[in-house]
Amino acid sequence: MERLDNIIGIAEMGSYVPDSLSSNQEKKSVFEIDDNFLNTKIGIDFTSRKNSDEETSDLCVKAFEDLNTKIILEKNDIKCIVVVTQNPDGDGLPHTSAIVHHKLGLADDCAAFDISLGCSGFVYGLSVIESFMASNQIKNGLLFTCDPYSKIVDPKDKNTALLFGDAATVALINDKPRFISLSFSFGTRGSEGRALISNNRVLSMDGRAVFAFSATEVPVQIRRLLEKNGYTLENIDLFLLHQGSKYIIDTITRRLGISVDKVPTNLKNMGNTVSSSIPLLLNEYLNKAKIKTILLSGFGVGLSWASGILQRIGIVGKN
C-alpha cells in the first residue's frame, strides 16, 4: 500500500456502548405514541444507559480498553488526549480529559483538554486534534467522545427521553493512519441555540426547530464542501451523518438525492449518542477496504454544524 509522508490521521478506533437498555416500547402508553412513530420518526427501539455509578471518564476508559484489544499502545508514547463532551465528570472541574489522563496512567508530558461540543463535536474534534498534533509535532494522540445525556434527560419528557443514548468512543490519531482528513467545513447559528439547552442540568429541546435547521442547512453545506473540493456526491462511498433521528437522516438523504445504501444508521438499539454517533459508525467501516472516501457531517446543539471528507490512505485524489 502506498505511504504518504508527514501526515497524521485515524489509525484505529475503540468504543463502549453500555449493555443496559431503556425500552421505548415500554414507554408507548406513557407518551401516547405508536409503532409508526417509533419506526418512521425516531427509529429507536432502545436507548443505551450507563450505570448510575459510571462517570463520563469511566466510559472513556472503557472505550480505550476496547481500542487496546486491537492495538497495543505504549502509554508513554501518547502525548495528547482530547475529550469531546458537554456532560463532564462532576461539576466540570477538573476537566474530564485530566481525569481520563489520570485513570489511564499517562505521562506528565501529555497534553489534555476538553472540547465543549455535542452533535458536531467529533468532526470539530478531529480537525482540532490533527491541527494541534501537527503544529506541535506530536505523533500519537487520542480523541475521545462521550456525552451521557442520561445525566440530564428528564424521563418524563417525550422530546428527549425517547431519543438519547449513552456511549463513548476513542480514535487513535498518529502518523500511520488508515484515513486522512482532506477538508472540513464549519458553521454556527447561535441565534437559534436555545432550541437545545440544559436548564439547571435538565435537557430541553425544541424538536421542530432542530429538525428544520438540520433538514435545510445540512444538505446545503454538504454540497458546498463537495463543490469547494471538486467532488460530486458520486465520489463519496459513504455518508456518515449524525444520528439525530431516523426522520432527520431520511430527510437529508432524500434532499441530497443519494442512495440509502450509502447512509448507514445505528439508532435502533442505542439511540442518538450525540458526539459519539458518527465515530461509532466510522468504527464499523474502518477495516472495509472497499470504502475509500467518507463524508462526515455532525449537526445539532449550538446550533452548529461540521462536515469533513476522509480518504483511505493510498488513495490520492477523487475516485
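Scroll up to find the structure this text is about.
Our subject in this report is the structure included herewith. What you are looking at is a predicted structure, and each value in this text was computed from that prediction instead of being measured. (Residues numbered from 1 in each chain as written. Predicted model: local features only at pLDDT ≥ 70, side-chain atom pairs only at ≥ 80, totals over all residues. Heavy atoms only, no water.)

**Some points on the pairing of strand 8 (residues 179-188)**
Put simply, the rule reads: Burial classification: accessible surface area is computed with a 1.4 Å probe over protein chains only, and a residue below 20% of its type maximum counts as buried, one above 50% as exposed, and the rest as partly exposed. A helix here means a DSSP run of H or I that spans at least four residues, while a strand means a run of E at least two residues long, and both kinds are numbered starting from the N terminus. The criterion for strand pairing is that DSSP finds at least two bridges linking the strands in question.
Among the ten residues in strand 8, seven count as buried, and that is most of the element. Here strand 8 pairs with strand 13 (residues 304-312) via nine bridges, running antiparallel. Considered in strand 13, the bridge of serine 183 is made with isoleucine 309.

**What to know about the layout of surface pockets**
Going by this rule: With a 1 Å grid laid over protein atoms only, a set of points is called a cavity when a 1.4 Å probe fits there but cannot get out and a pocket when it is open yet has protein on both sides within 12 Å along at least five of seven lines; lining residues have an atom within 4 Å of a point. Grid points are joined across faces, edges and corners, and a volume is the space filled by probe spheres set on the points. Under the convention adopted here, Pro, Cys and the residues Ala, Val, Leu, Ile, Met, Phe, Trp and Tyr are nonpolar, Asp, Glu, Lys and Arg are charged, and Gly plus all remaining residues are polar.
In this structure, the largest pocket occupies an estimated 590 Å³ of space. In terms of lining, the largest pocket is formed by 23 residues, of which the most central are Met205, Gly207, Arg208, Phe211 and Ser245. Only helix 2 (35-42), helix 6 (158-161), helix 7 (207-228), helix 8 (246-256) and strand 12 (293-300) provide two or more residues apiece to the lining of the largest pocket. Counting residues per element, the lining of the largest pocket draws most heavily on helix 7, at five residues. Split into classes, the residues belonging to the lining of the largest pocket amount to twelve nonpolar, eight polar and three charged.

**Regarding the nonpolar core**
Soluble globular proteins tend to pack their nonpolar side chains together in the buried interior. Defined as follows: We define the nonpolar core as a collection of buried residues of types Ala, Val, Leu, Ile, Met, Phe, Trp, Tyr and Cys that are connected through side-chain atoms lying within 4.5 Å of one another. Any pair of residues with heavy atoms lying within 4.5 Å of one another is described as a contacting pair.
Grouped together as the largest cluster of nonpolar side chains are 42 residues, with contacts concentrated most on Phe164, Leu226, Leu295 and Phe299. Mapped onto this core, the elements with two or more residues apiece are helix 2, strand 10 (202-205), helix 7, strand 11 (238-241), helix 8, strand 12 and strand 13. Considering each element in turn, this core owes the most residues, six residues, to helix 7. Those residues in contact with phenylalanine 164 that lie beyond four places of it in its chain are Thr47, Arg49, Tyr149, Val153, Leu203, Met205, Asn272 and Val274.

**What to know about the pairing of strand 5 (residues 111-115)**
Stated formally: Seen with its strands pointing away from the viewer, a crossover is right-handed when the path leading from the first strand over the helix to the second is clockwise.
Bridging between strand 4 (residues 80-84) and strand 5 involves five bridges; their strand directions are parallel. Residue pairing in the sheet places valine 84 in a bridge with isoleucine 115 of strand 5. In this region the chain leaves strand 4, passes through helix 4 (residues 96-104) and returns to the parallel neighbour strand 5; the handedness of that crossover is right-handed.

**A word on the packing of aromatic side chains**
Quick note on the threshold: Only Phe, Tyr and Trp rings are paired, with Trp represented by its six-membered ring, and only when their centres lie within 6.5 Å; those with planes under 30 degrees apart are stacked, over 60 edge-to-face, the remainder tilted.
In total, this model carries six aromatic pairs according to the counting rule given. Both rings, one in tyrosine 124 and one in phenylalanine 186, keep their centres 4.6 Å apart while their planes meet at 40°; by these two values the pair is tilted. With a gap of 62 residues between them, tyrosine 124 in helix 5 (residues 121-135) and phenylalanine 186 in strand 8 connect regions that are remote in the sequence. Looking at tyrosine 124, the relative accessible area reads 18%, which means it is buried. According to the relative accessible area criterion, phenylalanine 186 is partly exposed, its value standing at 36%. With 4.7 Å between their ring centres and 45° between their planes, tyrosine 149 and phenylalanine 164 make a pair best called tilted. Within this pair, whereas tyrosine 149 is found in the loop between strand 6 (140-146) and helix 6, its partner phenylalanine 164 is found in the loop between helix 6 and strand 7 (168-174), the two being separated by 15 residues in sequence. Across this residue pair, the class does not change: tyrosine 149 and phenylalanine 164 are buried. Joined through ring pairs, the aromatic side chains of Tyr124, Phe184 and Phe186 make up one cluster.

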